[in-house]
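# Close look at the chain arrangement
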Amino acid sequence: TSEQVRSLDASIAKIREENKKHMDYLHSVIRSEKGKALLHHADETRAVLRKLNDQITELAHAGKKEDATNLILSDDYHHAGKAYREAVGEISAMQKEAAHHAAMESRESSAAANMWMIIISVIAIVLLLGVAWVVIKAIGDAIQQIVSNVGQVASSMRFGSRLPAR
């Protein structure tokens, strides 16, 4: 019926629009020469498949269902669909490889950053231990001096004398 034809045409248009949106996105993000070549190949195979789909649609609209079915079942249509799927698969594999490479670089950078953090932390701990030792030594020396002075006053029995200022 004409309602079914309109529904199918709308579905085809929607699928084509989604496909175009995704391909446009790939064109905007792929920068490598290899990626551009793969994308160009995908565009070419997509154009061949689209031409065959247009022929099928025209045949169906003309009421030539048997011819449309024969075209769908033809080797040409099968090969065009397979070529497009393979081209998209190659892009996907390249993107997967690029993502893996980026992840490995990120791990290496993270490991280097962690090593530097450990080195900086060890240096900071050593410096803090040095400062703590100086402070503890200064306090210990002062307490020792006080104990010595108090001991001198106590042993001399001159409780009115002043302790030496430091």
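Residues numbered from 1 in each chain as written. Predicted model: local features only at pLDDT ≥ 70, side-chain atom pairs only at ≥ 80, totals over all residues. Heavy atoms only, no water.

### Thoughts on the pattern of salt bridges
The full count for this structure, using the stated rule, is 5 salt bridges. Between E3 and R6 there is a salt bridge, with the nearest N and O atoms lying 3.0 Å from each other. Here R6 and E3 lie together in helix α1 (residues 2-29), a separation of 3 residues that amounts to about one turn. In this structure, E18 engages K21 in a salt bridge whose closest nitrogen and oxygen atoms are separated by 3.6 Å. Within this pair, E18 and its partner K21 are both found in helix α1, separated by 3 residues, close to a single helical turn. (Salt bridge = Lys/Arg side-chain N within 4 Å of Asp/Glu carboxyl O. Helix = DSSP H or I, 4+ residues; strand = E, 2+ residues; numbered from the N terminus.)

### Remarks on the nonpolar core
Formed by 16 residues in total, the largest nonpolar core has its most connected members in M23, L26, I30, L39, A42 and I91. If you list the elements that add at least two residues to this core, you get α1, α2 (33-61), α3 (65-72) and α4 (75-156). If we skip the residues at most four places from it in the chain, A42 touches M23, Y84, A87 and I91. (Core = buried A, V, L, I, M, F, W, Y, C linked by side-chain atoms within 4.5 Å. Buried < 20%, exposed > 50% of the residue type's maximum accessible area, 1.4 Å probe, protein only. Contact = heavy atoms within 4.5 Å.)

### Observations regarding the side chain of T45
As for its position among the elements, T45 is in helix α2. Setting aside anything within four residues of it in sequence, one finds T45 in contact with A83, Y84 and A87.

### Some words on a nonpolar patch on the surface
On the surface, M115, W116, M117, I118, I119, I120, V122, I123, V126 and L127 cluster together into a nonpolar patch covering about 1,000 Å² of accessible area. By secondary structure assignment, the location of I119 is in helix α4. (Patch = residues over 30% accessible without salt bridge, like charges linked within 9 Å, V, L, I, M, F, W, Y side chains within 5 Å. Areas by Shrake-Rupley, 256 points an atom, 1.4 Å probe, with all protein chains shown as cover.)

### Let's talk about the packing of α2 against α4
Across the interface, α2 lies against α4 with an axial gap of 9 Å and an inter-helix angle of 155 degrees. By the angle class used here, α2 and α4 are roughly antiparallel. The chirality of how α2 crosses α4 is left-handed. (Axes fitted to C-alpha atoms, helices over the stretch in contact; angles between N-to-C directions. Parallel < 35°, antiparallel > 145°, perpendicular 65-115°, else oblique. Left-handed = near helix turned anticlockwise from the far one by under 90°.)

### Brief notes about the side chain of R46
Take R46: it is sitting in helix α2. Nearest to the buried, unbridged R46 among oppositely charged side chains is D43, at 4.2 Å. Filtering out sequence-adjacent residues up to four positions away, R46 remains in contact with N19, K20, M23 and Y84. (Lys, Arg positive; Asp, Glu negative; His and termini not counted.)

### Regarding the packing of α2 against α3
Where α2 meets α3, the axes come as close as 7 Å, and the angle between the chain directions of the two elements is 160 degrees. By the criterion of interaxial angle, the relationship of α2 to α3 is roughly antiparallel. Considering the relative orientation of α2 and α3, their crossing is left-handed. Contacts between α2 and α3 involve L52, Q55, I56, L59 and A60 from the former and K65, D67, A68, L71 and I72 from the latter. Split by residue class, the contact of α2 with α3 holds 7 nonpolar, 1 polar and 2 charged. (Nonpolar A, V, L, I, M, F, W, Y, C, P; charged D, E, K, R; others polar.)

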